[in-house]
Structure formats: C-alpha cells, structure tokens
Amino acid sequence: MPARVFELAALHQLAVKRVMVRNQRSRWGSCSRRGTISLNWRLVQTPILVRDYLILHELAHLREMNHSRRFWIEVARLCPGFREAECWLKQHSGLLA
Ligand SMILES: [Zn+2]
C-alpha cells in the first residue's frame, strides 16, 4: 500500500515524506502538515477504486488541510470517481468497527 501512495503522489507531483499503515478504529486515513500520510490497514479490504480514492483524499490534504470547497475541487480533479467511492464507504462503514 505505501508503494501505491508514492506512485500516486509522483503522478500528481505531490511530496509525501512518510507513509504509515496503522490500526485505526475511527478513520481510514490522515495526513499531517509535515507530509506524513497514515492509512488504516483495513483499506486492504476495500476495492481498488476506494483504496485509490482514500489515498488521493489524503494526498489532496497536502494542498488543502481542511474539507473546504477548494479541497473537494482538488479531490475531484485527482479522483474523478470520488463520489462512487464515498458512497461505497458509507455503505460499508461497518468495516471500520
Ligand atoms: Zn479528509
């Protein structure tokens, strides 16, 4: 999974410092101001579209550290299928528990 993060980051010319895979109960991932991306290991249970979306979502936080309109415009640019992925996540939110 970290390899995919660096691959997608390079593709979109974003600088990721570190990728960590963690055991998180409440969220799929996070991004620190310093460029560390944390991903939930449970992502391996999701379809590739969803996994890529979550990675791109965290990568978009490197540009916008919030969930503003500008952030979502950036997400849509990086991942045009993001709505479908969000929908899947809502339907499978039980996977996080
Ligand atoms: Zn976010």
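The following paragraphs examine the structure supplied in this document. For clarity, every value in this text was computed on a predicted model and none was experimentally measured.

What counts and how
Residues numbered from 1 in each chain as written. Predicted model: local features only at pLDDT ≥ 70, side-chain atom pairs only at ≥ 80, totals over all residues. Heavy atoms only, no water. Pairing = 2+ DSSP bridges. Helix = DSSP H or I, 4+ residues; strand = E, 2+ residues; numbered from the N terminus. Axes fitted to C-alpha atoms, helices over the stretch in contact; angles between N-to-C directions. Contact = heavy atoms within 4.5 Å. Patch = residues over 30% accessible without salt bridge, like charges linked within 9 Å, V, L, I, M, F, W, Y side chains within 5 Å. Areas by Shrake-Rupley, 256 points an atom, 1.4 Å probe, with all protein chains shown as cover. Salt bridge = Lys/Arg side-chain N within 4 Å of Asp/Glu carboxyl O. Buried < 20%, exposed > 50% of the residue type's maximum accessible area, 1.4 Å probe, protein only.

1. Quick notes on the sheet that holds strand 1 (residues 18-22)
Within a sheet, adjacent strands bond to each other through the backbone by hydrogen bonds, running parallel or antiparallel.
Piece 1. Reading across from one edge, 1-3-2 is the order of the 3 strands in this open sheet, with mixed pairing throughout. Where the open sheet ends on each side, the last strands, each with one partner, are strand 1 and strand 2 (29-31). For this sheet the average axis-to-axis angle between neighbouring strands, irrespective of direction, equals 15°.
Piece 2. Sheet analysis places strand 1 next to strand 3 (residues 36-40), joined by 5 bridges and oriented parallel. Pairing of Val-19 across the sheet is with Ile-37, part of strand 3.
Piece 3. Along the sheet, helix 2 (residues 48-60) makes contact with strand 2 and strand 3, crossing strand 3 at roughly 150°.

2. Digging into a nonpolar patch on the surface
Piece 1. Together, Val-21, Trp-41 and Val-44 line one region of the surface with nonpolar side chains, adding up to about 270 Å² of accessible area.
Piece 2. Considering the arrangement of structural elements, one finds Trp-41 in the loop between strand 3 and helix 2.
Piece 3. A relative accessible area of 37% places Trp-41 in the partly exposed class.

Structural measurements only, silent on function.
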